[in-house]
Every structure is written in structure tokens, then in C-alpha cells.
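Architecture at a glance
Each chain is listed here by its residues.
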Amino acid sequence: MQLLKISPKGQITIPKSARNLIVGDQLLFETKGKTIMLRSVVILFEKDDTDGFSNLSTPSFDFWNDQADDVYTNFYNKKK
């Protein structure tokens, strides 16, 4: 067991011997009561929720791009 000092910003330094056990560059932080646990985790892929988001609209644009359904253009053309 090793005593760690907490900086004024709430940061701690993980001892080198413990850092050598970490796989990857991310840790899972978990609390249970007054117990804090850091677990080494490997994330196989990072999913970006916005990745490919614009592709969802493509079928919508195709659907709404039907000239026969364009009531506004038809309405304004009849007024002229």
C-alpha cells in the first residue's frame, strides 16, 4: 500500500509500478461508498455518436425531392 498526495486541483500521480500494469491509456473510475477503484480497461473501438450522422438524411432527401409532391412550387406557379 502506498500513500498518494492529492494536488490542489484534485490530481494524483499513479506510481510507476502501478502504471506499468495499465494496458492502454484509459482507466475505469469506480466508487463504492468511500472506496475508490481504478481499473485498467481496453476499449476495442471508440464510437463517435456523430460519425455518419449526415448519412441518415440522404434517404430523407431522396424521398422529399419528388417534384410531383412539391405543393408550394405548384401553388406559386399557378398564381403567376
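Please refer to the structure higher up on the page.
In this report, the structure presented in the accompanying data block is examined.

Reading guide: rules and limits
- Residues numbered from 1 in each chain as written.
- Predicted model: local features only at pLDDT ≥ 70, side-chain atom pairs only at ≥ 80, totals over all residues.
- Heavy atoms only, no water.
- Helix = DSSP H or I, 4+ residues; strand = E, 2+ residues; numbered from the N terminus.
- Buried < 20%, exposed > 50% of the residue type's maximum accessible area, 1.4 Å probe, protein only.
- Contact = heavy atoms within 4.5 Å.
- Areas by Shrake-Rupley, 256 points an atom, 1.4 Å probe, with all protein chains shown as cover.
- Salt bridge = Lys/Arg side-chain N within 4 Å of Asp/Glu carboxyl O.
- Pairing = 2+ DSSP bridges.
- Patch = residues over 30% accessible without salt bridge, like charges linked within 9 Å, V, L, I, M, F, W, Y side chains within 5 Å.

A look at the overall build of the protein chain
Secondary structure assignment for the protein chain yields three helices and two strands. Start at the N end of the protein chain and walk to the C end: the helices and strands fall as α-β-β-α-α. Looking at the protein chain as a whole, 1% of its 80 residues qualify as buried. Considering only residue pairs separated by 6 or more positions, the protein chain has 3% of its internal contacts joining residues 24 or more positions apart. Summed over all atoms, the accessible surface of the protein chain reaches about 8,300 Å², with 57% contributed by carbon and sulfur.

What to know about the pattern of salt bridges
In total, this model carries two salt bridges according to the counting rule given. One salt bridge connects Glu30 with Lys32, and the closest N-O pair in it is separated by 3.9 Å. Accessibility expressed as a relative area gives 23% for Glu30, which makes it partly exposed. Measuring nitrogen to oxygen at the nearest pair gives 3.4 Å for the salt bridge that ties Glu30 to Arg39. Judged by its relative accessible area of 39%, Arg39 is partly exposed. Shared partners join several salt bridges into a network, and the residues in it are Glu30, Lys32 and Arg39.

Description of the pairing of strand S1 (residues 27–32)
Bridge count for S1 against strand S2 (residues 35–40) is six bridges, and the pairing is antiparallel. Bridging from a neighbouring strand, Leu28 pairs with Arg39 of S2. Linking S1 to S2, which pair antiparallel, is a turn of two residues; within it Gly33 sits at a positive phi near 65°.

Some details on the environment of Pro15
Note on placement: Pro15 falls in the segment before helix H1 (16–19). Separated by 13 residues in sequence, Pro15 and Gln2 place their C-alpha atoms 8.6 Å apart. The residues contacting Pro15, other than those within four sequence positions of it, are Gln2 and Leu4.

Notes on a nonpolar patch on the surface
Judged by side-chain polarity, Leu4, Ile6, Ile12, Leu27, Phe29, Ile36 and Leu38 come together as a nonpolar surface patch covering roughly 660 Å² of accessible area. Counting residues per element, the ones that place at least two in the nonpolar patch are S1 and S2.

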